[in-house]
Amino acid sequence: MRRLKSPLSSLTLRRLLAGAATAAMLAGGAQAFDTSARTAFVLDYTTGTVLMAKDADKAVPPASMSKLMTLYMAFEAIRDGRLKLDETLPVSEHAMSYGGSTMFLDTTDRVKVEDLLRGIIVLSGNDACAVIAEALSPNGTEAGFADLMTRRAQQLGMTSSSFANASGWPAQGHVMSMRDLTLLARHIIEDFPEFYPIFSERRFEFDGRAPQNVNNRNPLLRLDIGADGLKTGHTSEAGYGLVGSAKQGDRRVIFAIAGLDSERARAEESEAIVNWAFRQFAERKLVEKGKEVARAEVFLGNKETVGLVARDDIEMLIPVTPGTELGAEVVYTGPLQAPITAGQQLAELIITPEGLPEHRVPLFAAEDVPSGGFVKRMMVVSTNLIGRLQTPAATSAEAM
């Protein structure tokens, strides 16, 4: 295995960079974010880069943040025609019995699905979740809907999630991980863009009956940082948590945190995470399509080396604060055997930004390298033979 190793800003692999100005910006190492949340996960939505993971796969009580799963399934039902936005649903004794955050529904109500969605998103209504759950449950119960939630979550790749109810009400076995919550938020943004704007609504007054519960609890919505979702959560066991998303320019960041000690701590930590994610990292073009990255050795060809190029422009999220350089190496099994055809995959470029996962880019032959002629082959064989004859026997045996 041959390796050409060097930091990106060195002369050896400077050709990787789109220009000298970019090279100057690339030297950097993002300051690690030491979150006070018990568990956290931060994802750059645009590039899929994980910016932070702290016990991200630990299954913990999610409180009202698990309402996102109820909403996702309600959105699916509307898309499939099983629910209609203007359809009205009855309120059961079970739904009315919920305390905590509610829409103050009672059994005399028939509530439009559209109002129930806003009641869940903006008001965090436990009763609204139960109404939706009973409408979509295979047996008409919230428990039956919770089973569906667990199975659907598994299908979506949320392997650390299981549900006992639709609202996040404390219950044994009702858990989610921060990675799962972030994945769920991503699904909502991608799969249901028509409903996502509701998450940025700051106020919803339902029928004038609950003046003390009309404001969205998401503290980021009141700040000018591009926040537009998604859901807060709090119970005494779970602490204070938030699944949040913010968009600045072409970048979007999604995160989930849990286990904060107070509402204020949740607000401050959430804002700090968003600011850190946007200020400490930037998306940059590192490799230009078709531009030679390095040259690899060739055996028995009419050329001794072959150029290595990427098929596409390579853009990555990288640290931008002053610090250490980005690492990069080209790896291939060599010397490469001629003949070589232009476009043939030969090597891999491995870029390692400090504090971020490595990024692997396949590299291809920039040109044809035919096999060398008879004279060329004889010269190579002669050179190798002379080299072996001049090497002491023990060393030669070792090499073989």
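Structure: above.
The structure contained in this document is the topic of the report that follows.

Cut-offs applied
Residues numbered from 1 in each chain as written. Predicted model: local features only at pLDDT ≥ 70, side-chain atom pairs only at ≥ 80, totals over all residues. Heavy atoms only, no water. Phe/Tyr/Trp six-rings, centres within 6.5 Å; stacked < 30°, edge-to-face > 60°. Helix = DSSP H or I, 4+ residues; strand = E, 2+ residues; numbered from the N terminus. Buried < 20%, exposed > 50% of the residue type's maximum accessible area, 1.4 Å probe, protein only. Lys NZ or Arg CZ within 6 Å of the ring centre and 35° of its normal. Core = buried A, V, L, I, M, F, W, Y, C linked by side-chain atoms within 4.5 Å. Contact = heavy atoms within 4.5 Å. Polar contact = N/O pair within 3.5 Å; in protein donor to acceptor, adjacent residues only side chain to side chain. Pairing = 2+ DSSP bridges. Axes fitted to C-alpha atoms, helices over the stretch in contact; angles between N-to-C directions. Parallel < 35°, antiparallel > 145°, perpendicular 65-115°, else oblique. Nonpolar A, V, L, I, M, F, W, Y, C, P; charged D, E, K, R; others polar. Expected span 1.5 Å × (residues − 1). Salt bridge = Lys/Arg side-chain N within 4 Å of Asp/Glu carboxyl O.

1. Brief notes about the packing of aromatic side chains
Applying the stated rule across the entire model yields 9 aromatic pairs. Between phenylalanine 33 and tryptophan 276, the ring centres sit 5.4 Å apart and the planes meet at 50°, which makes this aromatic pair tilted. Of this pair, phenylalanine 33 sits in the loop between α1 (20-26) and β2 (39-44) while tryptophan 276 sits in helix α8 (residues 263-279); the two residues are 243 residues apart in sequence, bridging distant segments of the chain. Using a relative accessible area of 10% as the deciding quantity, one classes tryptophan 276 as buried. An aromatic cluster is built from Tyr72, Phe75, Phe192 and Phe195, whose rings are joined through pairwise contacts. Directly above the ring of tyrosine 45 sits arginine 186, whose terminal nitrogen or CZ lies 5.0 Å from the centroid. The ring of phenylalanine 364 carries the charged tip of arginine 311 above its face, separated from the ring centre by 3.9 Å.

2. Remarks on the nonpolar core
In this structure, Met69, Phe75, Leu116, Ile132 and Phe199 are the most contacted members of the largest nonpolar core, which totals 64 residues. Of all the secondary structure elements, the ones that give two or more residues to this core are β2, α2 (67-80), α4 (113-121), α5 (126-136), α6 (142-155), α7 (178-191) and β8 (251-260). Ranked by residues supplied to this core, first place goes to α2 with 9 residues. If sequence neighbours within four positions are ignored, phenylalanine 199 has contacts with Leu68, Leu71, Phe75, Ile121, Ile188, Asn216, Leu221, Asp228, Gly229 and Leu230. By size, the runner-up hydrophobic cluster in this structure holds 27 residues, among which are Leu286, Ala296, Tyr332 and Leu346.

3. Remarks on the side chain of aspartate 228
Take aspartate 228: it is sitting in strand β6 (residues 227-235). Here arginine 252 takes part through its side chain, which lies 2.9 Å from a polar atom of the side chain of aspartate 228. Setting aside residues up to four positions removed in sequence, aspartate 228 forms contacts with Tyr196, Phe199, Ser200, Leu221, Ser245, Ala246 and Arg252.

4. Looking at the sheet that holds strand β7 (residues 239-248)
Here we have 5 strands laid out as an open sheet, ordered β3-β2-β8-β7-β6, and antiparallel in their pairing. In this open sheet, the two strands that pair with only one neighbour each are β3 (49-54) and β6. Across the sheet, the axes of successive neighbouring strands diverge by a mean angle of 5°, strand direction being ignored. Note that β7 and β8 share 8 bridges and pair antiparallel. Across the sheet, the residue bridging to glutamine 248 is arginine 251, located in β8. Along the sheet, α8 contacts β2, β3, β6, β7 and β8; its crossing angle with β8, the most-contacted strand, is approximately 150°.

5. What about the packing of α2 against α6?
It is at 10 Å that the axes of α2 and α6 come closest, and there the two elements cross at 90°. Of the possible angle classes, the one that applies to α2 and α6 is roughly perpendicular. Residue-level contacts link Met69, Thr70, Tyr72, Met73 and Glu76 of α2 to Phe145, Leu148, Met149, Arg152 and Ala153 of α6. When grouped by side-chain class, the residues that make up the contact of α2 with α6 number 7 nonpolar, 1 polar and 2 charged.

6. A look at α2
The terminal C-alpha atoms of α2 lie 20 Å apart, and with 14 residues this matches the ideal 20 Å at 1.5 Å per residue to within 8%. Among the 14 residues that make up α2, 12 are buried, leaving the element largely enclosed by the rest of the structure. Taken residue by residue, α2 has Lys67, Leu68, Met69, Thr70, Leu71, Tyr72, Met73, Ala74, Phe75, Glu76, Ala77 and Ile78 as its buried positions. Close packing links the buried residues of α2 with α4, α5, α6, α7, β6 and β7.

7. Focus: the pairing of β3
Where β2 lies against β3, 5 bridges are found, and the strand directions are antiparallel. Within β3, the position partnered with phenylalanine 41 by the bridge is alanine 53.

8. A closer look at the pattern of salt bridges
For the structure on display, the rule yields 19 salt bridges. Arginine 118 is the partner of glutamate 114 in a salt bridge, and the nearest nitrogen-oxygen pair spans 3.1 Å. Here glutamate 114 and its partner arginine 118 are both found in helix α4, 4 residues apart, which amounts to about one turn of the helix. A residue is classified by how much of its surface remains accessible, and arginine 118, at 18% relative accessible area, is buried. Residue glutamate 201 pairs with arginine 118 through a salt bridge whose shortest N-O separation is 2.9 Å. With a gap of 83 residues between them, glutamate 201 in the loop between α7 and β6 and arginine 118 in helix α4 connect regions that are remote in the sequence. The partly exposed category is assigned to glutamate 201, whose relative accessible area is 23%. The network of salt bridges with common partners includes Glu76, Arg79, Asp80, Arg82 and Arg152.

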